[in-house]
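# Structural overview
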Amino acid sequence: MKKLSLNQLLIPLLSIVLGLLVGAVVMLIGGYDPIRGFDSLINGMFGSPYAIGETLRAAAPLIFSGLAVAFAFRTGLFNIGVEGQVLIGWVAAVYVGINFDLPMFIHIPLALLAAMLAAAIWAFVPGFLKAKFYVHEVITSIMMNYIALYTTNAILRNVIGVTNERTESIKDSASLSSPWLQEITTYSRLHWGVLVAVLAAIVYYYILQRTTLGYELRAVGFNKHASQYAGMSVNRNIVLSFVISGMFAGLAGAMEGLGTFNGMTLSASFTGVGFDGIAVALLGANTAVGVILAAILFAGLNIGGLAMQAGADIPSELVKVIIATIVIFVASGYAINYVIEKIKGNRKKGVEKK
Amino acid sequence: MEYVIEMLNIRKEFGTFVANDNITLQLRKGEIHALLGENGAGKSTLMNVLFGLYQPEGGEIRVRGEKVNIENPNIANDLGIGMVHQHFMLVEKFTVTENIILGLEPKNGVTIDRAAARKKVMEISEQYGLRIDPDAKIEDISVGMQQRVEILKTLYRGADILIFDEPTAVLTPQEIQELIQIMKRLIAEGKSIILITHKLKEIMQVADRCTVIRRGRYIGTVDVDDTINEDGLAEMMVGREVNFDAEYSKADPQQVVLDVQGLVVKDSRGLEVVEGLDLQIRAGEILGIAGIDGNGQTELIEAITGLKKPESGKVMLNGKDVTGHLPRKMTEAGIGHIPQDRHKHGLVLDYSIRDNMVLQTYYKEPFSKRGLMNYKAVAEKAKALIEKFDVRTPSVDVPARALSGGNQQKAIIAREVDRSPDLLIAAQPTRGLDVGAIEFIHEQLVKEREKGRAVLLISFELDEILHVSDRIAVLYEGKIVGIRDPKETTEQELGFLMAGGQRGDETE
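Here is what the cut-offs are and how they apply
- Residues numbered from 1 in each chain as written.
- Chains lettered and ligands numbered in written order.
- Predicted model: local features only at pLDDT ≥ 70, side-chain atom pairs only at ≥ 80, totals over all residues.
- Helix = DSSP H or I, 4+ residues; strand = E, 2+ residues; numbered from the N terminus.
- Rg over C-alpha atoms; globule rule 2.2 N^0.38 Å.
- Buried ≥ 20, exposed ≤ 12 C-beta atoms within 10 Å, placed from the backbone.
- Contact = placed C-beta atoms within 7 Å.
- Nonpolar A, V, L, I, M, F, W, Y, C, P; charged D, E, K, R; others polar.
- Domains from an automatic or database assignment.
- Pairing = 2+ DSSP bridges.
- Axes fitted to C-alpha atoms, helices over the stretch in contact; angles between N-to-C directions.
- Arc of directions from axis to C-beta.
- Expected span 1.5 Å × (residues − 1).
- Bend = angle between axes of the 7 residues up to and from the residue.
- pLDDT = per-residue confidence, 0-100.
- Parallel < 35°, antiparallel > 145°, perpendicular 65-115°, else oblique.

Before going further, it helps to examine the overall build of chain B. In terms of regular secondary structure, chain B is built from 17 helices and 24 strands. For 508 residues, the compact-globule estimate of 2.2 N^0.38 gives 23 Å, and the C-alpha radius of gyration of chain B, at 25 Å, lies within 12% of that figure. Taking the principal axes of its C-alpha atoms as reference, chain B extends roughly 70 × 50 × 50 Å. Expressed as a percentage of its 508 residues, the buried residues of chain B come to 45%. When contacts within chain B are restricted to residue pairs at least 6 apart in sequence, long-range pairs at least 24 apart make up 68% of them.

Here the focus is the interface of chain B and chain A. Counting from both sides, the interface comprises 22 residues of chain B and, opposite them, 15 residues of chain A. Mapped onto the side of chain B that touches chain A, the elements with two or more residues apiece are α10 (327-333), α11 (342-346) and β20 (372-373) of chain B. Grouping the amino acids of the side of chain B that touches chain A by side-chain chemistry returns twelve nonpolar, six polar and four charged.

Let us now look at the domain arrangement of chain B. Residue and element names in this part refer to chain B. In terms of domains, chain B is made up of domain 1 (3-238), domain 2 (245-334 + 421-428 + 448-503) and domain 3 (340-420). Using C-alpha coordinates to define each centre, domain 1 is positioned 35 Å away from domain 2. Every contact between the two is made by four residues of domain 1 and, on the other side, nine residues of domain 2. Counted by class, the side of domain 1 that touches domain 2 contains two nonpolar, two polar and no charged residues.

Take the sheet that holds strand β13 (residues 256-266) of chain B next. Residues and elements named next belong to chain B. Spatially, β14-β13-β16-β17 is the arrangement adopted by the four strands of the open sheet, whose pairing is antiparallel. Both outer strands of the open sheet, β14 (272-282) and β17 (320-321), are each paired with one neighbouring strand and no more. Taken together, the eight bridges between β13 and β14 define a ladder with antiparallel strand orientation. Within the sheet, the bridge partner assigned to Leu-263 lies in β14 and is Leu-277. Contacts from helix α9 (residues 297-305) reach β13, β14 and β16 (312-317), with the element oriented near 60° to β14.

Let's shift gears to helix α17 (residues 491-498) of chain B. Residue and element names in this part refer to chain B. Residues of α17 that are buried include every one of Leu-494, Gly-495, Leu-497 and Met-498, and no others. Within α17, the buried residues cover an arc of 160° as seen down the axis, which keeps them to one side. Looking at the buried positions of α17, the neighbouring elements they touch are α6 (173-188), β15 (286-290), α16 (462-468), β23 (471-476) and β24 (479-484).

Take helix α3 (residues 49-74) of chain A next. All names here are of chain A. Relative to the 38 Å expected for 26 residues at 1.5 Å per residue, α3 spans 36 Å between its end C-alpha atoms, a close match to the ideal helical length. Where α3 bends most, the angle comes to about 30°, and this point is Ala-60, followed within four residues by the proline Pro-61. The buried count for α3 comes to 23 of 26 residues, which makes it a mostly enclosed element. Once α3 finishes, Gly-76 follows within two positions and takes phi at roughly 80°, a positive value.

Another aspect to go through is the pairing of strand β9 (residues 161-165) of chain B. All names here are of chain B. The element β9 is largely enclosed, with a buried count of five among its five residues. Here β9 shows no split at all, with Ile-161, Ile-163 and Asp-165 on one side and Leu-162 and Phe-164 on the other all buried. In this structure, strand β6 (residues 81-84) lies alongside β9, joined through four bridges in parallel fashion. Each bridged residue has a counterpart across the sheet, and for Val-84 the counterpart in β9 is Phe-164. Both β9 and strand β10 (residues 192-197) contribute to a ladder of five bridges, which runs parallel. Note on β10: the bridge partner recorded for Leu-162 is Ile-193.

Residues and elements named next belong to chain B. The six strands lie next to each other as β18-β21-β22-β15-β23-β24, forming an open sheet whose pairing is mixed. Edge positions in the sheet fall to β18 (335-338) and β24, since each of these pairs with one other strand and no more. Strand after strand, the sheet turns through a mean of 20° between neighbouring axes, direction not considered. In terms of strand pairing, β18 meets strand β21 (residues 423-427) through four bridges, oriented parallel. Note on β21: the bridge partner recorded for Ile-335 is Leu-423. Strands in contact with helix α15 (residues 435-450) are β15, β21 and β22 (454-459); relative to β22, the strand with the most contacts, it is inclined by about 150°.

Before going further, it helps to examine the confidence of the model for chain B. Residue and element names in this part refer to chain B. With 97% of its residues at a pLDDT of 70 or more, chain B has an overall mean of 90. A low-confidence stretch, residues 503-508 (pLDDT under 50), is modelled with nine contacts involving residues beyond four sequence positions or located in other chains. Here the prediction assigns the complex a pTM of 0.79, and the interface score ipTM is 0.84.

The subject of this paragraph is unusual backbone geometry. Residues and elements named next belong to chain B. Pro-366 follows Glu-365 through a cis peptide bond whose omega is 5°. Among the secondary structure elements, Pro-366 is positioned in the loop between α12 (353-356) and β19 (368-369). A positive phi angle is found at Arg-370, which is not glycine, with a value near 45°. Tracing the sequence through the fold places Arg-370 in the loop between β19 and β20. Given 7 C-beta atoms within 10 Å, Arg-370 falls into the exposed group.

Mapped onto the elements of the fold, B:Leu359 is located in the loop between α12 and β19. For the pair B:Leu359 and B:Arg415, spaced 56 residues apart in sequence, the C-alpha to C-alpha distance is 8.6 Å. With sequence-adjacent residues up to four places away left out, B:Leu359 is seen in contact with A:Ala226, A:Ala230, B:Val348 and B:Arg415.

All names here are of chain A. The geometry of α3 relative to helix α11 (residues 234-260) is characterised by a closest axis approach of 7 Å and an angle of 170° between their N-to-C directions. As far as their axial angle goes, α11 and α3 are roughly antiparallel. Residues Arg-57, Ala-60, Pro-61, Phe-64, Ser-65, Leu-67, Ala-68, Phe-71 and Ala-72 of α3 pack against Ser-241, Phe-242, Ile-244, Ser-245, Phe-248, Ala-249, Leu-251, Ala-252, Met-255, Glu-256, Gly-259 and Thr-260 of α11.

In structure tokens, the structure reads:
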């Protein structure tokens, strides 16, 4: 049904190219060889089975956090609290992973469910405050991130009983790790989570495009006045949107807890998965396919950055510059659009003069 | 003949769309020159070219015989061209004087010389007979007075060519007469005026000549004298004969459908703007509510449609008390609503026409089942509706945003009428639409009435109220102050009631 216009595709692609160009310029200024740099960067992203495995492994949580941000956005809401919801989901998944002894086909779904529920409750708070008291969701969801960070640390210490830095490992029956996937990617940490993430993207599409709930959520996102006039409950949709967004975020945390790390570590700072989700949703234009592709790109850049440091001696922080630049270019898509129109206009004028 | 402005063969394109195609407009010194055209005909584009907001692709502009290149509004100002905007550009919290001098303040060293400013403003206002209170705040004065401030702004800047952009749209009949006097006075003082409008009556009353454009093309310029009448102008504007006095069938009122008793509603600021309103509408009649904007129309509709909870009073629909029910319940109880602001309330502009057609019914079969949408059924419905109501759209998949105002309104009417509501509320249903679309919408309202529905029409256009209604209720300060039979009342009488029964023409 929905056709992507040329510009919708052009802006993200152009932004990526421009972001890489800026990266090359920064490399030159720093006295590095950009060709060698990009060679090792791309090799580190996709150049070997191991690189592909690591890229996909890192993409899984980003797909989830991207979907979380995108889902809220489609309802006209900014869920900046994905980061905190990721942490809450992570700790919930790890708790179930450690403290239950169940067959795998129950244990994994139960741990995932726990992550979804815990994060959904966490996301309910800003949604409810917005619907009931008109408190702006950006403020509350940002603040909830800090509460989440310290709450998870407290839970890790007092409930799960971390004495050192790290929890004990989760039971094998709750782990998404797969020896087979590790083997074919020459022992990367690739796990089944990436498959769950793709399934989630399909669910995301299905909810928004096929259900009456999705019809309502999108209507509220586009025009809440008309939705209210038509008899929809705007407040109910705001809360629901946050809760569902939180579920996606919680699963992002579960990817880390049940897949990559098989546990959780005390942390003084954020994981970044939630914040990167904002960039992923932005670059992916809030579409299911776009989010998957953007998550793979950003994950790959992060992974490839390490290889770039090892292979070309270029600090991996440069990747952060590239990602940030891409985000800035996408966010200023309107300006890019303007430039494109201008160029088109000038061309036309030139033709006329001849 | 001396021309103060000549716009010759002006061409303005937006991409592939030609908004002005070879349009010529010549303004003589000391005349009121009407620029007539339907919405979207290119009037505003042409004036924006003259005012320096757009650069034309072809043609030339001469001011007082000299070829000029108006690159921005400052140049237009320097050339003595002033624009009285339709939507006032005033600072609400500032006084009249402060607004007039804004940007061109007389200085006393580094401070504003308020005394000199006030004196200058008073001088101009006396010279042109534009009485105002120079120390009143904009937010405290009437719309008519605000418009005077806009006129004074242009005069203060030394304009002697004034462009009036749809100046009567917001005024009461009495205020319109005052404005016409003001315009005549300006001409007597040596100014020249371009009057942008689509109201034929005003052109006949005030204009010396009239230039007509249609769909971006120049149709012609005529002298407004005895040889031309409203029908002739309308034909030039629309391109075909227009029947303004279509006679509709006689109403046959039946049982009471809507009964509003002692309704009190507060606005968003918490002020009571509907103050104990009583109103009855019967099946098979169109009740028109006449009144100046801001007398409680919006809140009355919001209370009847469930968008706002009334403070007190009752809303009875078909004998059942529905006071304070939510919009969905109201819809299901049998209310259809063509909202005043079709972009804000009527449509989800980014949704396709298809999706907009089931905005109130999407949760019902066949459009959905057990929470899953059946978009095929929705598309079929939408296709049937756009065909039946002649909504011009390339397909049902284009976003509502892409349609013209008239077609958007047709789509809303199709959706609302299709539900067969017992009560159809039409708020300003023809605002901003062209003559053809207006005719169509009026016909639809009458059709609904003939089917035995009750129709509540709210409009700020007295012509429309008089033309379509079977009964007219005048709303003033939140109350119905009189009910009249359209055949026995006059615009003057209604205008008198709309202004609270006091002549608002002297000092405000």
